[in-house]
Structure formats: C-alpha cells, structure tokens
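Examination of the molecular architecture
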Amino acid sequence: MIGFILMLSRWLARYASAFVIGIAIVTLLAPHLFCWVRSNVQTVILGVIMLSMGLTLSADDFRVLARRPADILIGTCAQFDPRKYLGPARDNMQKLYEHKIVDVLGSENKLANLD
C-alpha cells in the first residue's frame, strides 16, 4: 500500500501541471463532459490538485521562503486585503451598470411609445 501511495504521489508531482492544463482545455472544448462535477466532487478534485501542488515542494523551497519573509508578507497582503475593498466596489459598479441598462431600455420604450 505504501508503495502505491509513493508511486501515485510521484506521478502527481511529475505530471500535475500537464494534467490540470489538459483537463482545463478539455473542459473549455466540451463543458458538458464535466456536468457531474458539483459540490462534494468539486471539493475532492480541488483537494487532489492542491495535494499534487504540495507534493512538488521541497526543503529548498521552504529555505527560500524563510530567507525572504518580506516577500511572503507582501504576497499575503496583496492576496487577501484587496478582496475586502474590491468586492463592494465591484457590487456598486454592477448596480450602476444595471441601472444604466434599465435607463437605456426605458428611454427606448418611451421613444417607441411616442409614435
């Protein structure tokens, strides 16, 4: 059993990027093939992808991270902080866009009723 797990982990580590890119291309070309990917299945698939990405890490990768803590802090802040502020801004822009469409459609209907 351990041999199988080691073989599987090596295969995932070696071919993870090609496998994920290949599946993405197939999904774009034939999305109906992946209608079964919902809720729990999606969670398992994302877990496998994250596991395969984690298996590619080595001790050298962690040494680099330990030597450059400022880069890690900048990356973390850039990843999480803008979401708090950009989400409401996006929602406000979407509301403005929807009102603009309603205004345009309303004015076209008014012009059409003038005839």
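Residues numbered from 1 in each chain as written. Predicted model: local features only at pLDDT ≥ 70, side-chain atom pairs only at ≥ 80, totals over all residues. Heavy atoms only, no water.

1. Some thoughts on the confidence of the model for the protein
Averaged over all residues, the pLDDT of the protein is 77; the fraction at 70 or higher stands at 78%. Mean pLDDT across the elements of the protein ranges from a minimum in helix H4 (residues 69–113), with 67, to a maximum in helix H3 (residues 59–67), with 89. Of the regions scoring below 50 in pLDDT, residues 108–115 engages in 0 contacts with residues more than four places distant in sequence or in other chains. (pLDDT = per-residue confidence, 0-100. Helix = DSSP H or I, 4+ residues; strand = E, 2+ residues; numbered from the N terminus. Contact = heavy atoms within 4.5 Å.)

2. Points about the packing of helix H1 (residues 2–29) against helix H2 (residues 39–55)
Close contact between H1 and H2 brings their axes to 8 Å; oriented N to C, the two are set at 115°. Put simply, H1 runs roughly perpendicular to H2. Here H1 runs over H2; the crossing is left-handed. For the pair H1 and H2, the contacting residues are Ser 9, Leu 12, Ala 13, Ala 16 and Val 20 in the first and Ile 49, Ser 52 and Leu 55 in the second. Partitioned by chemical class, the residues of the contact of H1 with H2 number 6 nonpolar, 2 polar and no charged. (Axes fitted to C-alpha atoms, helices over the stretch in contact; angles between N-to-C directions. Parallel < 35°, antiparallel > 145°, perpendicular 65-115°, else oblique. Left-handed = near helix turned anticlockwise from the far one by under 90°. Nonpolar A, V, L, I, M, F, W, Y, C, P; charged D, E, K, R; others polar.)

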